[in-house]
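The primary structure of each chain is shown beneath.
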Amino acid sequence: MKFLWLAALFGLALPGVGSELRATGDLGVVIERADGRVLIVEHTNDSRVAQIEGLGDLSHASVVFSRDQRYAYVFGRDGGLTKLDLLTDRIDKRILQSGNSIGGAISQDGKLVAVSNYTPGGVRVFDARTLEPVADIPADFGGDKLSKVVGLVDAPGQRFVFSLYDADQIWIADMSDPAKPAITRFKDVGRAPYDALISPDGRYYIAGLFGDDHLALLDLWHPERGVKPILAGYAEHDEKLPVYKMPHLEGWAMAGNKAFIPAVGQHQVLVVDTSNWKTLDKIEVHGQPVFVMARPDGRQVWVNYAHPDNDTVHVLDAETHAIKKTRQPGKAVRHMEFTPRGEKRWLSVRDENRLQVYDTRSFEVMQELAAVKPSGIFFTDRAHRTGL
């Protein structure tokens, strides 16, 4: 009786008393882009938990998570930054921090949230708890010109790394003193960096270049060595095709000492040796790859495609590079996400208003869930992975 009195006094949750306890380790957020909504889902039993409205323009939305996995930070295309409480199924706070944004990141210590902006070009940094502004980093590259910022990731050492599309630059922002970000600039990295990734160990930052036939690599262990080109001329002998959708570099597959990379404007997945960044193989595939993503154990690589081939998903064998399985979930497969240990693969099928859950051993559909024009799928295990 005394324990119940103390629990009531201090607001402690009791099993069977009041709301049911819920953990966050198997939760996720699905973007319903057309209506400015998100779904909260769980992947233990593959079900919908809640639907939250009022998040603005989600046409290119992405999500990061607090280190305790309770909060999701949703970056909208309209400059909106929304903090969702996954335990109470509500918006904790929402701000409009710019006119046009394109993603974000959360710092290594989980205390800062950064947003990359098109308008005005630059990066803005906020307190992860309150969403109060902490720092403003204009992407100024001379003559009062501001560049669009893309490819923003978190990096070890309380750093953010990002690319300046219009300036052909890569910047490192050291946020050890949040009030005075220390900026390191790398110029002439290649024409029009359009997206980037950081390797899972946080060492390599790699930018894709829309205007050049190579990629740009920055070794964050040795930034003094500068940015170097890798995979130079990887498609110079191939016929260029119209680019229907730029591949997402966040979705590169790292499997052992291999990287599986979508080739821009080609029906190919490149296989690269990460010890020397040289091409090992070119896998001919169904269409222009968008996401090329490895199962957590690295054994499989799943690939989806741009229009008009976006009804198909391939599974590649990471050892032999052969196409192991073909599935056709439906029109406009937009995004894919593995459960943390890789036994399931969730897919969003936008034009058929559904989510599909696949068993990654049998490749059979385990579950289908209704969702209105779903796009991005983000599970909370990303909270503990660099660059996600």
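Residue positions are given per chain, counting from 1 as you read along its sequence in written order. With the structure being a predicted model, the display of local features is reserved for residues of pLDDT at least 70 and the display and counting of side-chain atom pairs for 80 or more, all residues being used for whole-chain, interface and lining totals. Side-chain metrics rest on all non-hydrogen atoms present in the structure, leaving aside hydrogens and water.

1. A word on the overall build of the chain
Counting its regular elements, the chain contains one helix and 32 strands. In this description the radius of gyration comes from C-alpha coordinates, and the expected globular size is given by 2.2 Å times residues to the power 0.38. By the compact-globule yardstick of 21 Å for 388 residues, the chain fits well, its C-alpha radius of gyration being 21 Å. Reported as C-alpha extents along the three principal axes, the dimensions of the chain are approximately 75 × 50 × 35 Å. Here the chain holds 388 residues, and 55% of them are scored as buried. Residues count as neighbours in contact if any of their non-hydrogen atoms are within 4.5 Å of one another. Of all intrachain contacts in the chain linking residues separated by at least 6 positions in sequence, the fraction that spans at least 24 positions is 42%. In the chain, 46 positive and 51 negative side-chain charges are present, and the distance between their average locations comes to 2 Å. Per the convention used, a helix needs a DSSP run of H or I reaching at least four residues, while a strand needs a run of E reaching at least two, with both numbered from the N terminus. The classification of residues rests on relative accessible area computed with a 1.4 Å probe and restricted to protein chains. Under 20% of the type maximum is buried, over 50% is exposed, and intermediate values are partly exposed. Here the positive residues are Lys and Arg and the negative ones are Asp and Glu; neither His nor the chain ends is included. Note on charges: their place is set at NZ of Lys, CZ of Arg, CG of Asp or CD of Glu.

2. Re the packing of aromatic side chains
Only rings of Phe, Tyr and Trp enter the pairing, Trp through its six-membered ring, and a pair is recorded when the two centres are within 6.5 Å. The plane angle decides the type: under 30 degrees is stacked, over 60 is edge-to-face, the rest tilted. This structure, assessed with the given rule, holds six aromatic pairs. For the ring pair tryptophan 302 and phenylalanine 363, a centre distance of 6.2 Å and an interplane angle of 40° mean the geometry is tilted. Note that tryptophan 302 is positioned in strand S25 (residues 300–305) and phenylalanine 363 in the loop between strand S30 (354–359) and strand S31 (365–370), a separation of 61 residues in sequence. Of the two residues, tryptophan 302 and phenylalanine 363, neither departs from the other in class, the shared state being buried. Here tryptophan 346 and phenylalanine 379 contribute two aromatic rings whose centre-to-centre distance is 5.4 Å and whose plane-to-plane angle is 90°, an arrangement assigned as edge-to-face. Residue tryptophan 346 is found in strand S29 (residues 344–349), and its partner phenylalanine 379 is found in strand S32 (residues 374–379); the two are separated by 33 residues along the sequence. Both residues of the pair, tryptophan 346 and phenylalanine 379, count as buried. Following the ring pairs from residue to residue traces out a cluster consisting of Trp302, Phe338, Tyr358 and Phe363.

3. Concerning the confidence of the model for the chain
Summary statistics for the chain give a mean pLDDT of 91 and a share of 90% for residues scoring 70 or more. Confidence of the predictor at the level of single residues is given by pLDDT, which spans 0 to 100. Throughout residues 1–18 the model reports pLDDT below 50, and contacts reaching past four residues in sequence, or to other chains, amount to five contacts.

4. Points about the pattern of salt bridges
Put simply, a salt bridge is a Lys or Arg side-chain nitrogen that is within 4 Å of an Asp or Glu carboxyl oxygen. Within the structure shown, the criterion is met by 23 salt bridges. Two residues, aspartate 317 and arginine 299, come together in a salt bridge whose shortest N-O distance is 2.7 Å. Residue aspartate 317 is located in strand S26 (residues 313–317), and its partner arginine 299 is located in the loop between strand S24 (289–294) and S25; the two are separated by 18 residues in the primary sequence. For aspartate 317, a relative accessible area of 11% puts it in the buried group. For arginine 299, a relative accessible area of 35% translates into the label partly exposed. A salt bridge links arginine 382 to glutamate 337; the shortest N-O distance between them is 2.8 Å. Linking arginine 382 in the segment after S32 with glutamate 337 in strand S28 (residues 333–338), this pair joins segments that are 45 residues apart in sequence. Neither residue differs from the other here; arginine 382 and glutamate 337 are each classed as buried. Several salt bridges share partner residues, and in doing so they unite Glu32, Asp35, Arg37 and Glu53 into one network.

5. Quick notes on the pairing of strand S21 (residues 258–262)
Taken across its five residues, S21 has five buried, putting it largely inside the fold. Because side chains alternate across S21, one face comprises the buried residues Lys258, Phe260 and Pro262, and the other comprises Ala259 and Ile261, equally buried. When strand S20 (residues 253–255) meets S21, the two strands line up antiparallel, connected through three bridges. Pairing of alanine 255 across the sheet is with lysine 258, part of S21. In sequence, S20 turns back onto S21 through a hairpin of two residues, with glycine 256 there showing a positive phi of about 65°. Alignment of S21 against strand S22 (residues 268–273), held across five bridges, turns out to be antiparallel. Bridging across to S22, lysine 258 finds its partner in aspartate 273. DSSP-based pairing: two strands are paired if at least 2 bridges between them are found. Joining the antiparallel neighbours S21 and S22 is a turn of five residues, in which glycine 265 adopts a positive phi near 70°.

6. With respect to the side chain of aspartate 273
Position of aspartate 273 among the secondary structure elements: in strand S22. For the buried residue aspartate 273, which engages in no salt bridge, the nearest side chain bearing the opposite charge is lysine 258, 9.3 Å off. Here a polar contact means two N or O atoms within 3.5 Å. Within protein one must be a hydrogen donor candidate and the other an acceptor candidate, and residues neighboring in sequence count only if both atoms are side-chain atoms. At a separation of 2.6 Å, a polar atom in the side chain of aspartate 273 contacts the side chain of serine 275.

7. Considerations on the side chain of threonine 82
By the element assignment, threonine 82 lies in strand S6 (residues 80–85). For threonine 82, a relative accessible area of 1% gives the class buried. A distance of 2.8 Å separates the side chain of threonine 82 from the side chain of arginine 94, its partner in a polar contact. Setting aside its immediate chain neighbours within four residues, threonine 82 contacts Leu55, Ala72, Tyr73, Val74, Ile91, Lys93 and Arg94.

8. Structural notes on the environment of histidine 335
Positionally, histidine 335 belongs in strand S28. Distance from histidine 335 to isoleucine 377, taken between C-alpha atoms, is 6.4 Å for residues 42 residues apart in sequence. Once residues lying within four places of it in the same chain are set aside, the contact partners of histidine 335 are Phe291, Asn304, Trp346, Leu347, Ser348, Ser375, Gly376, Ile377 and Arg382. Polar side-chain contacts of histidine 335 include one of 3.0 Å to the backbone nitrogen of isoleucine 377.

9. Side note on unusual backbone geometry
Between threonine 119 and the following residue, proline 120, the backbone shows a cis peptide bond with an omega angle of -15°. Tracing the backbone shows proline 120 in the loop between strand S9 (112–119) and strand S10 (122–127). Across the junction of histidine 307 and proline 308, the peptide omega takes the value 10°, indicating a cis bond. Take proline 308: it is sitting in the loop between S25 and S26.

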